[in-house]
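Here is how the chains run, residue by residue.
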Amino acid sequence: MAYVRDRMIEAGICGGMELAWNLKRGGPEKSIDYLAYRKAGRWIGVDIGAAYDDTGIPLVLQWGENPNDSLVSPAAYSPAPSCK
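Residues numbered from 1 in each chain as written. Predicted model: local features only at pLDDT ≥ 70, side-chain atom pairs only at ≥ 80, totals over all residues. Heavy atoms only, no water.

**Some details on the pattern of salt bridges**
Summed over all chains, the structure comprises four salt bridges. Linking Arg5 and Asp6 is a salt bridge whose minimum nitrogen-to-oxygen distance equals 2.9 Å. Of the two residues, Arg5 and Asp6, neither departs from the other in class, the shared state being buried. With a shortest N-O distance of 3.8 Å, Arg38 and Glu18 are connected by a salt bridge. Here Glu18 lies in strand E1 (residues 18-23) and Arg38 lies in strand E2 (residues 30-39), a separation of 20 residues in the sequence. (Salt bridge = Lys/Arg side-chain N within 4 Å of Asp/Glu carboxyl O. Buried < 20%, exposed > 50% of the residue type's maximum accessible area, 1.4 Å probe, protein only. Helix = DSSP H or I, 4+ residues; strand = E, 2+ residues; numbered from the N terminus.)

Right under this line is the structure:
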C-alpha cells in the first residue's frame, strides 16, 4: 500500500497538484492509506484506501477528501519525482 500511496503522490505532483505524505497522528510515522493535499490554500486529508485496516473485506482504492480533518500533518514528499 505504501508503494501505491507513493505512486499516487508522484503522479499528482507531476500533474501539478501539491501533495505530501501525511504523518499518522502528527508523526513521525507516515500514514499508509492517507495523504495530504493542498487545495484552495489549505491542507486537507485524503483517504486513498477504503477499509485498509479491515482484512475481512477487499481493499478499495478511492480519493476521499476530508476537508474538516484538523489532524492533517503534511510532510514533504522526498525525493521529488523527476516527472519525465
